[in-house]
Amino acid sequence: MQPAPALRGFRFLGWGPRATGSYSGWATRSDLYGRCGRCTGLVSLWPDQIEQCSCGALFKDLGRFGHLDGDQSIAIYSKDGPTP
Ligand SMILES: [Zn+2]
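On a predicted model such as this, the values are computed, not experimentally measured, just so you know.

Q: When you look at the overall build of the protein in this model, what are you seeing that I'm missing?
A: Helix and strand counts for the protein come out as 0 helices and 7 strands. When the elements of the protein are put in sequence order from the N terminus, they spell out β-β-β-β-β-β-β. For a compact globule of 84 residues, the expected C-alpha radius of gyration is about 12 Å, and the protein comes in at 12 Å, within 12% of that figure. A principal-axis box enclosing the C-alpha atoms of the protein has dimensions of 35 × 25 × 25 Å. Evaluated residue by residue, the protein yields a buried proportion of 25% over its 84 residues. Sequence-distant contacts, at least 24 apart, represent 42% of the contacts inside the protein between residues at least 6 apart.

Q: Help me understand the sheet that holds strand 5 (residues 58–61) in this model?
A: For sheets, the rule is that strands pair by backbone hydrogen bonds, running either parallel or antiparallel. The strand order 4-5-6 describes an open sheet built from 3 strands, whose pairing is antiparallel. Taken across any chain shown, the strands that pair with only one partner, and hence form the sheet edges, are strand 4 (51–52) and strand 6 (64–67). Pairing of strand 5 with strand 6 involves 4 bridges; the strand directions are antiparallel. Along strand 6, the bridge assignment pairs Phe59 with Gly66.

Q: It is not clear to me how unusual backbone geometry should be interpreted in this structure. Could you clarify?
A: For residues besides glycine, phi is generally negative; the peptide bonds are generally trans as well. At Thr40, a residue that is not glycine, the phi angle is positive and equals roughly 65°. Following the sequence through the fold, Thr40 ends up in the loop between strand 2 (32–35) and strand 3 (42–44). When the 14 C-beta atoms within 10 Å are taken as the criterion, Thr40 is described as partly exposed.

Q: Help me understand the nonpolar core, please; the structure alone is not making it clear to me.
A: Soluble, globular proteins show a tendency: their nonpolar side chains are buried together. Within the largest apolar cluster, 13 residues are counted, with the highest numbers of intra-cluster contacts made by Leu45 and Ile76. Of all the secondary structure elements, the ones that give two or more residues to this core are strand 2 and strand 7 (75–79). For Leu45, the contacting residues outside a window of four places in its chain are Thr20, Trp26, Ala27, Thr28, Arg29, Leu32, Tyr33, Gly34 and Phe65.

Reading the values: rules and limits
Starting afresh in each chain, residues are numbered from 1 along the sequence in its written order. Local features in a predicted model are, by the rule used here, given only for residues with pLDDT of at least 70; side-chain atom pairs are given and counted only at 80 or more, and totals for whole chains, interfaces and linings are based on all residues. To qualify as a helix, a DSSP run of H or I must reach at least 4 residues; to qualify as a strand, a run of E must reach at least 2; elements of each kind are numbered from the N terminus. Here the globule rule reads 2.2 Å times residues to the power 0.38, and the radius of gyration is calculated from C-alpha atoms. Residue burial is a threshold on neighbouring C-beta atoms within 10 Å of the residue's own C-beta, all placed from the backbone, with 20 or more meaning buried, 12 or fewer meaning exposed, and counts in between meaning partly exposed. With C-beta atoms placed from the backbone, a contact is any residue pair whose C-beta atoms sit within 7 Å. For two strands to be treated as a pair, DSSP must find no fewer than two bridges joining them. When buried Ala, Val, Leu, Ile, Met, Phe, Trp, Tyr and Cys residues are joined through C-beta atoms within 7 Å, the set is termed a nonpolar core.

Here is the structure:
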């Protein structure tokens, strides 16, 4: 697996659904983002709208989230809160 890409303003959590803290499938949290390994586009895990990254490999529709290269290719990030 490629090294975790650093991303300003975000914290890297891991790869795939497990990194979201859910034991089955994806956690739906508005502060979590998946990052496409092809175009490095970010897509929020919050299922409020149909969305995809700029190359289209990472996609989200209502209730589904995935990547053409497989779930484990998705890098998961949380938005960094203000540092105390
Ligand atoms: Zn992409």
